[in-house]
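In case you want the letters, here they are:
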Amino acid sequence: MTEDAIIIGGGFAGLSAALQLARARRRITVLDTGEPRNRFAARSHGFLAQDGRPGRDILAEARRQLYAYDTVTFRDAPAERLDGERDGFSVVTGDGGRIEGRRVLLATGFEDRLPDIPGLAERWGRTVLHCPYCHGYEVGGGPVGVLARTAEAARFAAVVADWGDVTLFTNMVPEPDEEALAVLAARKVRLRPGRVTAIADGPDGMLSVETGPGIPTLVKALFVMPEARVRSDIPAERGLKLKETPVGSILATDDTGQTSLPGLYAAGDIALGAANISLASANGVKTAVFLHHSLIWPSH
Ligand SMILES: Cc1cc2nc3c(=O)[nH]c(=O)nc-3n(C[C@H](O)[C@H](O)[C@H](O)COP(=O)(O)OP(=O)(O)OC[C@H]3O[C@@H](n4cnc5c(N)ncnc54)[C@H](O)[C@@H]3O)c2cc1C
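Computed from a predicted model, the values in this text were never measured in an experiment. (Residues numbered from 1 in each chain as written. Predicted model: local features only at pLDDT ≥ 70, side-chain atom pairs only at ≥ 80, totals over all residues. Heavy atoms only, no water.)

### Re the nonpolar core
Here is step 1: In terms of nonpolar packing, the biggest core is built from 25 residues, with Ile7, Ile28 and Val30 touching the most fellow members.
Here is step 2: Elements with a minimum of two residues in this core: strand 1 (3-8), helix 1 (12-23), strand 2 (28-31), helix 2 (55-66), strand 3 (72-75) and helix 8 (277-296).
Here is step 3: Looking at this core, the element that brings in the most residues is helix 1, giving 7 residues.
Here is step 4: Excluding residues within four positions of it along the chain, Val30 makes contact with Ile7, Gly9, Gly10, Leu15, Ala18, Val72, Thr73, Phe74 and Arg75. (Core = buried A, V, L, I, M, F, W, Y, C linked by side-chain atoms within 4.5 Å. Buried < 20%, exposed > 50% of the residue type's maximum accessible area, 1.4 Å probe, protein only. Helix = DSSP H or I, 4+ residues; strand = E, 2+ residues; numbered from the N terminus. Contact = heavy atoms within 4.5 Å.)

### With respect to the environment of Pro115
Here is step 1: You can see Pro115 is positioned in the loop between strand 7 (110-113) and strand 8 (128-129).
Here is step 2: C-alpha separation for the pair Pro115 and Glu227, spaced 112 residues apart in sequence, amounts to 8.4 Å.
Here is step 3: When near neighbours in sequence (up to four residues on either side) are disregarded, Pro115 contacts Leu120, Leu147, Arg149 and Val224.

### Overview of the sheet that holds strand 8
Here is step 1: Across the sheet, which stays open at both edges, the 5 strands sit in the order 8-15-9-10-11 with parallel pairing between neighbours. Among the strands making up the open sheet, the edge pair consists of strand 8 and strand 11 (190-192).
Here is step 2: Here strand 9 (residues 143-147) runs beside strand 10 (residues 165-169); their pairing, made up of 5 bridges, is parallel. Directly across from Val144, in strand 10, lies its bridge partner Val166. (Pairing = 2+ DSSP bridges.)

### Some words on helix 8
Here is step 1: The end-to-end C-alpha distance of helix 8 is 29 Å, a good match for the 28 Å that 20 residues give at a rise of 1.5 Å each.
Here is step 2: Residues of helix 8 that are buried include every one of Ile277, Ala280, Ser281, Asn283, Gly284, Thr287, Ala288, Leu291, His292, Ser294 and Leu295, and no others.
Here is step 3: For helix 8, the elements touching its buried residues are strand 1, helix 1, strand 6 (98-106), strand 19 (264-266) and helix 7 (269-272).
Here is step 4: For helix 8, the capping residue at the N-terminal end is Asn276, with a side-chain oxygen 3.1 Å from the backbone nitrogen of Ser278. (Expected span 1.5 Å × (residues − 1). Polar contact = N/O pair within 3.5 Å; in protein donor to acceptor, adjacent residues only side chain to side chain.)

### What to know about the pattern of salt bridges
Here is step 1: Considering all chains together, one arrives at 18 salt bridges under this definition.
Here is step 2: In this structure, the salt-bridge partner of Glu3 is Arg27, at a minimum N-O distance of 2.8 Å. Taken as a pair, Glu3 in strand 1 and Arg27 in the loop between helix 1 and strand 2 lie far apart in primary sequence, 24 residues in all.
Here is step 3: Its relative accessible area of 31% is what places Arg27 among the partly exposed residues.
Here is step 4: Here Arg98 ties to Asp83 by a salt bridge, and the two come within 3.3 Å at their closest N and O atoms. Highlighted residues: Arg98 in strand 6 and Asp83 in strand 4 (residues 79-85), separated in sequence by 15 residues.
Here is step 5: Among the residues examined, Arg98 registers a relative accessible area of 46% and is labelled partly exposed. (Salt bridge = Lys/Arg side-chain N within 4 Å of Asp/Glu carboxyl O.)

### Observations concerning the domain arrangement of the protein
Here is step 1: You can read the domains of the protein as domain 1 (3-112 + 227-296) and domain 2 (115-224).
Here is step 2: Taking only C-alpha atoms into account, the centre of domain 1 sits 32 Å from that of domain 2.
Here is step 3: Summed over both sides, the interface between domain 1 and domain 2 buries roughly 830 Å², with carbon and sulfur atoms accounting for 54% of that surface.
Here is step 4: If you sort the residues of domain 1 by the area they bury against domain 2, Phe40, His45 and Pro246 come out on top, with a joint share of 53%. (Domains from an automatic or database assignment. Buried area = accessible area lost by both parts, 1.4 Å probe.)

Structure below.
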């Protein structure tokens, strides 16, 4: 049996898309490996009516509601390869299967590549954070750090100053230009030059940020914008067009969410770049509606 759509990735975008297609009584299969990007954080914030709820609980509830639709199939397996084209796609799965579908929606999310600094990775999602809107309020003010990875860090640090007293660790990234320095000064952001060599536990639950010999800086949390990579080999294997963003390469899509391969759509972080649960979910909904229309109108 050929599915109307195969959704690769059952995170916030993928399940939001699945719900729209299920409600249109379309046959879909959702493939998922159960590793949403925010799995490192105990709680999720900023998603309307779900503020503070663990992200995995939101996804479990979404799945539970989707089980009520009898045209939806879940398969907890990775999509390993995508063959074929519009109206005749075929997805090879990691459990040795093959699923046929008229359309495919990629919603595999990002994998974050953190700077290689001892002590950073094990604190990811707890005291090393990427998004002040998601977790900044809970830090509760006081000294916080921003770790530079690219020149974008100056802009980021000026924004983070609404959540605490910021030290910007320039970490050998070129120093901010004059305009940025003026904004940083107005926002009372301090600059700490030098390479960050380690992150360790400090006194009273603080983080100790070490920049070579000398006194480490104590902060309550350290913000960093890591490089994000699309979690799938399919874009490279199918030669999909990419788009550069400050966080890394994402999939180029048109206004309907369609990638450069007709019939293959993309939604969520991998189509948006810097995003969050609300934006990924909304994008999943929008893309699913256009995908649905394309099943009806040959020219869509
Ligand atoms: C530490 C951290 C904390 C965050 N906290 C918040 C927060 O509090 N609030 C907020 O709004 N945003 C938060 N975010 C951002 C949020 O996690 C993302 O914006 C959101 O998860 C994007 O949704 P998505 O559906 O695009 O991808 P994801 O939610 O990452 O889902 C992708 C799914 O696809 C699956 N998958 C990947 N490859 C395959 C494959 N080949 N085959 C099958 N399945 C596959 C994955 O296992 C995963 O289940 C946080 C991010 C991080 C890193």
